[in-house]
Amino acid sequence: MLKFTQRHLLSNTVGVWWKNRLEKCGLATITSVPKPKQDRHVQSDIYSKPILCTPVPGPKSINKLHELNKFQNADAVTFFVDYKHSKGNYVVDVDGNVILDLFMQISSLPLGYNHPSLIKALYSPENMDVLINRPNLGSFPPDDFTDRLKRTLLAVCLLNQLYNAIANKY
């Protein structure tokens with residue numbers, strides 16, 4: 001009974017902390033999030049199940065793999081991806097196979113492939129200079145960098161401290 005009470009108190013304390021933090025930042029709390037309306041945009045082109053047209057990797061992926069191997073070691077390549085047609089949790093390979101991606105590109109796509117909100121953010125004029133110039137944020141951050149951090153990461157950060165981690169996949 002004591003462990004349950006401690007766990008219950010901890011979860012309530014954390015829950016209250018998050019609620020206060022989100023309200024302080026002007027973000028909706030979990031209990032105040034409106035229910036989806038019928039007229040809200042819903043992506044209708046998200047796949048509902050995997051579809052396998054060929055073995056994985058398929059013939060197109062194998063041909064591209066041989067081509068890539070001519071000038072680069074491609075041992076780590078599993079298959080080539082059609083990113084234009086990948087949606088939500090499903091990745092589509094160049095052979096048309098629709099595959100449920102449980103790892104989401106090494107957990108770097110928590111919202112899935114081609115999420116409409118991310119596409120909208122990428123086309124925002126506010127983000128163009130950073131996307132085009134890809135600044136080294138550790139050495140040459142843009143003039144509004146601290147404001148961006150306050151609006152985004154620090155708004156939901158447990159501590160008022162951020163640490164950069166550099167992990168490029170390529």
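This text gives an overview of the structure that appears in the document. (Residues numbered from 1 in each chain as written. Predicted model: local features only at pLDDT ≥ 70, side-chain atom pairs only at ≥ 80, totals over all residues. Heavy atoms only, no water.)

**A word on the overall build of the chain**
Moving on, step 1. The secondary structure content of the chain amounts to seven helices and two strands.
Moving on, step 2. Overall, the chain shows an N-to-C arrangement of helices and strands of α-α-β-β-α-α-α-α-α.
Moving on, step 3. Put simply, of all contacts in the chain between residues at least 6 apart along the chain, 48% involve residues at least 24 apart. (Helix = DSSP H or I, 4+ residues; strand = E, 2+ residues; numbered from the N terminus. Contact = heavy atoms within 4.5 Å.)

**Some details on the side chain of Asn127**
Moving on, step 1. With respect to the helices and strands, the residue Asn127 is situated in helix H5 (residues 125-133).
Moving on, step 2. Among the polar contacts made by the side chain of Asn127, one reaches the side chain of Arg148 at a distance of 3.1 Å. (Polar contact = N/O pair within 3.5 Å; in protein donor to acceptor, adjacent residues only side chain to side chain.)

**Description of the packing of aromatic side chains**
Moving on, step 1. In total, this model carries two aromatic pairs according to the counting rule given.
Moving on, step 2. With a centroid separation of 6.2 Å and 75 degrees between ring planes, the pair formed by Tyr47 and Tyr90 is classed as edge-to-face. Separated by 43 residues along the polypeptide, Tyr47 in the loop between helix H1 (2-24) and helix H2 (59-69) and Tyr90 in strand S1 (residues 90-92) bring together distant segments of the chain.
Moving on, step 3. Aromatic pair Tyr83 and Tyr113: ring centres 6.3 Å apart, planes at 40 degrees, arrangement tilted. Of this pair, Tyr83 sits in the loop between H2 and S1 while Tyr113 sits in the loop between helix H3 (104-107) and helix H4 (116-122), and the two are 30 residues apart along the sequence.
Moving on, step 4. Its relative accessible area of 43% is what places Tyr83 among the partly exposed residues. (Phe/Tyr/Trp six-rings, centres within 6.5 Å; stacked < 30°, edge-to-face > 60°. Buried < 20%, exposed > 50% of the residue type's maximum accessible area, 1.4 Å probe, protein only.)

**Here we look at H2**
Moving on, step 1. Among all positions of H2, only Ser61, Leu65 and Leu68 are buried. Around the axis of H2, the buried residues are gathered within 65 degrees of arc, so they sit on the same side. Exposed side of H2, more than 90 degrees from the buried face: Lys60, Asn63 and His66 are the residues found there. (Arc of directions from axis to C-beta.)

**Observations regarding the side chain of Asp93**
Moving on, step 1. Turning to its location among the elements, Asp93 is positioned in the loop between S1 and strand S2 (98-100).
Moving on, step 2. Notably, Asp93 is buried but unbridged: the nearest opposite-charge side chain belongs to Lys60, and the N-O separation is 8.4 Å.
Moving on, step 3. From its side chain, Asp93 meets the backbone nitrogen of Asp95 in a polar contact 3.0 Å long.
Moving on, step 4. Within the structure, the side chain of Asp93 is placed 2.8 Å from the backbone nitrogen of Asn97, a separation counted as a polar contact.
Moving on, step 5. Beyond its immediate chain neighbours, meaning those up to four positions away, Asp93 contacts Val56, Phe79, Phe80, Val81, Asp82 and Ile99. (Lys, Arg positive; Asp, Glu negative; His and termini not counted. Salt bridge = Lys/Arg side-chain N within 4 Å of Asp/Glu carboxyl O.)

**So, the pattern of salt bridges**
Moving on, step 1. Tallied over the full model, the rule gives three salt bridges.
Moving on, step 2. Measuring nitrogen to oxygen at the nearest pair gives 3.9 Å for the salt bridge that ties Arg148 to Asp129. Of this pair, Arg148 sits in helix H6 (residues 145-151) while Asp129 sits in helix H5, placing them 19 residues apart in sequence.
Moving on, step 3. Note on Arg148: relative accessible area 14%, which makes it buried.
Moving on, step 4. Accessibility expressed as a relative area gives 41% for Asp129, which makes it partly exposed.
Moving on, step 5. Across the pair Asp144 and Arg148 runs a salt bridge, and its minimum N-O distance is 3.0 Å.
Moving on, step 6. In this structure Asp144 comes out as partly exposed when scored by relative accessible area, which is 21%.
Moving on, step 7. One salt-bridge network, in which partners are shared between bridges, spans Asp129, Asp144 and Arg148.

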